[in-house]
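Structural overview for review
Single-letter residue listing:
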Amino acid sequence: MNLALAFDVLLAAALLWSAWRTLSTAQIDRAVVMFIVFGLLLTLAWARLAAPDIALAEAAIGAGLTGALLLDGLAALKRTDARRPARRTAGKVMVRIAVISVLGLLAGTLVTALISLPPAPIRLPAAVAGDLANSGVSHPVTAVLLNFRGYDTLLEVAVLLLALVGMLAVGLPPAHPGISRNSMLPTLARYALPLMVLAAVYLLWAGAHRPGGAFQAAAVLAAGGVLLNLSRLQAHWLPASRAPRLAIAGGFLLFLAIAAALLAHGGLLRYPPEQAGLLIVLIESGLTVSLAVNLAAFFLLRSTPENGQIPPATAPRESP
Amino acid sequence: MSSGLLYAATGCVIFALGLGGVMLLDHLLRRILAFNLMGSGAFLVLVGLAQRDGTPDPVPQAMVLTGIVVAVAATALALTLARRWHALTGRDEIGAAGKQRGPDD
Amino acid sequence: MTDTFFVPLVWLILLPLLWATLAFMRGPDRGGRLAIAGLAAQLALASVLAGDIAVHGPRNHVVGGWPEPLGIALVADGLSAVMLLLTQGVTLVLAIYARSYFKPGASPWFWPLAGFLVAGMNALFLSGDLFNLYVTLELVGLAAVGLVAAGGTAEQIAAALRYLLATLVGSGAYLFGVALLYGSYGTVSASLLGELVGNDAPLAVWLAGGLMLGGLLLKTALFPLHFWLPPAHGGAPAPVSALLSALVVKASFFLILRLWLGPFASLAPQIAWLPALLGASAILWGSWMAIKTDRLKMLVAYSTVAQIGYLFLIFPLLGSGKLALQAGVLHVVAHGLAKAAMFIAAGTLIKISGNERVLGVTGTADRLPVTVFAFALAGVSLMGLPPSGGFLAKWLLISTALAQGQVWIAGVAIGGGLLAAVYVFRVLRLAFRFSTAGDTIPPARPAAQLEWTAFALAAASIALGLFAMPVVSLLEGVAP
């Protein structure tokens, strides 16, 4: 027990250190790398907290996909905020000190409050375990996500779709060139992709009985899509292209349709216990495809087609 | 102190760090990183605090899964906005929040 | 079986999600007619729901058949009904306006974004689960940001970025509060927490309340957390500004009310002076900036900052009797109608005159009489002149403030009305002036939809003053 706690203390310290370094590093590309390190440490923390589903999601989505988006964004934005303003007025310095003090006080008060918190009156794990048999799946987290609190998941898929529409409305960045044709990456991608698809299918199927599920599966598929795109085996998608839009909307519409159809049988998302398992598999399959395309689209959807040329490494890609 | 409570306490500090980062940093990419830290801090508290007696609790775990997906959606939108801003103006910060008013003030 | 299928409150959430997704699938610049049909259906559903609540009291829907605390409950009471009616009604009129306002290609994804915005707001008004409310807050926030940025100008992108960062900080703080509450009590159900949280709540609950309130105040743009609002509302296209000022900021205010009257009811009265003080400052500062600014839409946006202040004056008065809550809700509705009218009237004026400055409205009264009249009517409601809805709201606020001995609140309300008169008459004086520099307004008349939608909303805000009883009676069951 002591060894475990010592590990936790070390991990917590590492988390704090990497978070601090993310914000304080002078070079911004180091900041992004530190953030990815933070994400991987966080994955370990989730594992220590007996939350393997979150660990999978954090690795794939939190560190993986977000990391890819950040690195791609980094390439476009300036690499260093070199012009660190030395001309901070006294007033601004005072404000900064005040903000930092207040936040420090907040953090301290929060930690104190947590330590002195009495046990909670309601304990839900027992309720989940009690109704698990009727939920259609045997893994508690999946039961909560797709059944007991499935309405949260419905809205969350809408948020993901909405973010894509928002990106379309703002204006997409231009296509990036991808890796040179002479690199190992396309070969690696060709070998890796079938394994990734296999892993995704396994994660989807496994989610009913053990950690896994639609989100993790979709993240792995999306990562495969990004890999294909980077190795230039898959072209960028354009805003006007219909197929990605239909794929993204399809899974969500399936979910909506099932949710609404169940209204006729008693209530929103009220699965009949005998068919709950089947319906949940159906919804999760649709969502896996749909979410995979949606997450991949965050990376692949661009305003211009790829021009097939390999630009010199230092040429700026953004047009003013 | 149980491990759940330890991670929850860590989450509090990370949340405060992230909040400070969004408020005080200038570069847009750093502010996006900071907002992600805020979210991660909140997630640690959500699970860590609920599991402070050592029993895994699937409800906050499902909530954190939802939260991670929402965070990546927000990050993607934020990055697109930042890149658009940079493409239009060449700048990577939008100026201190407290000082910005309407363009004619 | 069929009557479990026709549950208005569920369809109010599913329907906008459906047409928003279909609009997205159809592609850029598509979805307008779909949206209007959907909104009309939603308005009908909201009316049915309101009627049902008026007769039978609050309606519940247990999602998935799993009762709280395991599952999520949807709750529709009088307050939800009023907000739902306001949202569907105003959005429907704004949709008609937007169809004529936007040239093809100006905002190609307006319809799916608006659909998700409405879906998120409806879901917010109906949810009884604090974590679910976080997801709805994000739905509303991201949709609003997308709408602001859709114009594509650098100014709008900057405004959208500022808005996005503010809204994410706000919902992040809210989420942290939810995490503390779950850790403290083991549930995020609003109704269960209402029973569990008492005067002896641990420190963590106080911190949760503070963080959630702070986050939501940032989203509602209460002074001094309002910095993101003027650029966003003043710079966005007119229909978007109208949606944001009339409805979106009211969604987070609704949530503050819910938390104040629900889970935090025993803790809240001790800090009630704070929102009221900030509200008073908002009224003074916002009105002052509206008087000073020389851009028309910025004037209207600062007016929103000021009017939001009124909403927070009610908090010290909520303890005794229902009048304060009625005053607040009436103000939400009156301001929603009037501000939407004012923004789209301003949008039409700017579109036709080609001039964004306040001076640009000079002489428009004879070219665009309906639009200017709409602006004037909306101004009447904002100033609080009888017989408008704004007057009724202010009169309720003043009388309950005096009855409870809070004279300063009454004074601020009256003063705010005078300040509003200054900036409203600034615009009207110019509009009715003969243009001495010759006819600078092109002779083309705007589409009828642009003018009469503004008039309809403005007239509704006046009519509210005469026909407020149904709204008030809906609020009967809501506990102050």
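We now turn to the structure provided with this report. (Residues numbered from 1 in each chain as written. Chains lettered and ligands numbered in written order. Predicted model: local features only at pLDDT ≥ 70, side-chain atom pairs only at ≥ 80, totals over all residues. Heavy atoms only, no water.)

Structural notes on the overall build of chain C
So the rule is basically this: Comment: elements are numbered from the N terminus, with helices defined as DSSP H or I runs of at least four residues and strands as E runs of at least two. With the radius of gyration taken over C-alpha atoms, the globule rule is written as 2.2 Å times the number of residues to the power 0.38. Relative accessibility thresholds used throughout: buried, under 20% of the residue-type maximum; exposed, over 50%; partly exposed, between the two (1.4 Å probe, protein chains only). The Shrake-Rupley method, run with a 1.4 Å probe, gives the accessible areas here. Residue values count only the displayed protein chains as cover. Asp and Glu are treated as the negative residues and Lys and Arg as the positive ones, with His and the ends of the chain left uncounted. The atom standing in for a charge is NZ when the residue is Lys, CZ when it is Arg, CG when it is Asp and CD when it is Glu.
Helices and strands together make up the secondary structure of chain C, namely 20 helices and two strands. Compactness check: chain C gives a C-alpha radius of gyration of 21 Å against a globular reference of 23 Å for 480 residues, within 12% of the reference. Seen through its C-alpha atoms, chain C measures out along the principal axes to roughly 70 × 55 × 40 Å. Across the 480 residues in chain C, those meeting the buried criterion constitute 68%. A total of about 14200 Å² of accessible surface is found on chain C, and carbon and sulfur atoms cover 68% of it. In chain C, 23 side chains carry a positive charge and 16 a negative one; their mean positions are 12 Å apart.

Section: the overall build of chain B
Scanning chain B from N- to C-terminus turns up three helices and zero strands. In sequence order, chain B lays out its α and β elements as α-α-α. In terms of C-alpha radius of gyration, chain B reaches 17 Å, well past the compact-globule figure of 13 Å for 105 residues. Taken along its principal axes, the extent of the C-alpha atoms in chain B is 55 × 25 × 20 Å. Split into buried and exposed, the 105 residues of chain B put 75% on the buried side. Of the roughly 2400 Å² of accessible surface on chain B, 55% is carried by carbon and sulfur atoms.

Some details on the packing of aromatic side chains
Within a pair of aromatic rings, the relevant descriptors are the distance that separates the centres and the angle that separates the planes. Residues and elements named next belong to chain C. Definition in use: Pairs were defined over the aromatic rings of Phe, Tyr and Trp, the Trp ring being its six-membered one, requiring ring centres within 6.5 Å. Orientation was assigned from the angle between planes: stacked under 30 degrees, edge-to-face over 60, tilted for the rest.
Here the structure, examined in full by the defined rule, presents 21 aromatic pairs over all chains. Ring plane angle 45° and centroid distance 6.1 Å describe the contact between Phe24 and Trp109, whose orientation is recorded as tilted. Remark: Trp109 occurs in the loop between α4 (78–101) and α5 (110–126) and Phe24 occurs in helix α2 (residues 8–26); sequence separation between them is 85 residues. Of the two residues examined, Phe24 and Trp109, each falls in the buried class. Measuring from centroid to centroid gives 5.5 Å for Tyr101 and Phe102, while their planes differ by 80°, and the two rings are edge-to-face. The class for Tyr101 is buried, based on a relative accessible area of 15%.

Concerning the interface of chain B and chain A
As a reminder, the rule being used: It only takes one pair of heavy atoms within 4.5 Å for two residues to be counted as in contact. Two parts placed together each lose some accessible area under a 1.4 Å probe, and the buried area is that loss summed for both. Salt bridges are defined by distance alone: a side-chain nitrogen of Lys or Arg within 4 Å of a carboxyl oxygen of Asp or Glu. Definition of a polar contact: a pair of N or O atoms within 3.5 Å, with one able to donate and the other able to accept a hydrogen when the atoms are protein atoms, and with sequence-neighbouring residues admitted only if both atoms are side-chain atoms.
Each partner contributes to the interface: chain B provides 71 residues, whereas chain A provides 83 residues. For the chain B and chain A pair, buried surface summed over both sides reaches about 6800 Å², with 76% attributable to carbon and sulfur atoms. With a closest N to O distance of 3.4 Å, Asp53(B) and Arg123(A) form a salt bridge. The interface formed by chain B and chain A holds 13 residue pairs in polar contact (both at pLDDT 80 or more) in total. Listing elements by their share of the side of chain B that touches chain A, those giving two or more residues are α1 (3–24), α2 (28–50) and α3 (58–89) of chain B.

Thoughts on the environment of Ala75(A)
Structurally, Ala75(A) is set in helix α3 (residues 52–76). Residues Ala75(A) and Asp29(A), 46 residues apart in the sequence, show an inter-C-alpha distance of 9.0 Å.

Notes on the packing of α4(C) against helix α19 (residues 448–466) of chain C
Residue and element names in this part refer to chain C. To keep things clear, this is the line we draw: Here an axis means a line fitted to C-alpha atoms, over the contact stretch when the element is a helix, while the angle between two N-to-C directions is reported on a 0 to 180 degree scale. In these notes the angle categories are as follows: under 35 degrees is roughly parallel, over 145 is roughly antiparallel, 65 to 115 is roughly perpendicular, and the rest is oblique. Handedness of a crossing is defined here by the sense of rotation of the near helix relative to the far one, left-handed for an anticlockwise turn of less than a right angle and right-handed for a clockwise turn. Polar here means any residue outside two lists: the nonpolar Ala, Val, Leu, Ile, Met, Phe, Trp, Tyr, Cys and Pro, and the charged Asp, Glu, Lys and Arg; Gly therefore counts as polar.
Running from amino to carboxyl end, α4 crosses α19 at an angle of 160°, the nearest separation of the two axes being 9 Å. The angle between α4 and α19 places the two elements in the roughly antiparallel class. Considering the relative orientation of α4 and α19, their crossing is left-handed. Touching Val90, Val93, Leu94, Ile96, Tyr97, Ser100 and Tyr101 of α4 are Gln449, Leu450, Thr453 and Leu457, all from α19. Considered class by class, the residues forming the contact of α4 with α19 number eight nonpolar, three polar and no charged.

With respect to the packing of helix α7 (residues 150–170) of chain A against helix α11 (residues 276–300) of chain A
Residues and elements named next belong to chain A. It is the contact of α7 with α11, at a shortest axis distance of 10 Å, that shows an interaxial angle of 30°. Considering only the axes of α7 and α11, their crossing is left-handed. Contacts between α7 and α11 involve Val157, Leu160, Leu161, Ala163, Leu164 and Met167 from the former and Leu287, Leu291, Asn294, Leu295, Ala297 and Phe298 from the latter. Taken together, the residues of the contact of α7 with α11 sort by class into eleven nonpolar, one polar and no charged.

Considerations on the pattern of salt bridges
A complete count under the given rule lists twelve salt bridges over all chains for this structure. Residue Arg302(A) pairs with Asp72(A) through a salt bridge whose shortest N-O separation is 2.6 Å. In this pair, Arg302(A) is assigned in the segment after α11 and Asp72(A) in helix α3, connecting sequence segments 230 residues apart. For the pair Arg302(A) and Asp72(A), one class covers both residues: buried. Residue Arg295(C) pairs with Glu155(C) through a salt bridge whose shortest N-O separation is 3.4 Å.

Description of the side chain of Gln216(A)
In this fold, Gln216(A) is placed in helix α9 (residues 214–230). In this structure Gln216(A) comes out as buried when scored by relative accessible area, which is 3%. Excluding residues within four positions of it along the chain, Gln216(A) makes contact with Asp53(A), Leu56(A), Ala57(A), Leu203(A) and Leu65(B).

Focus on α9(A)
All names here are of chain A. What counts is decided by this rule: The span one expects for a helix is its residue count, reduced by one, times 1.5 Å.
Between the first and last C-alpha of α9 there are 24 Å, a value that for 17 residues agrees with the 24 Å anticipated at 1.5 Å per step. Taken across its 17 residues, α9 has 13 buried, putting it largely inside the fold. Just beyond α9, the residue with positive phi is Arg232, at close to 65°.

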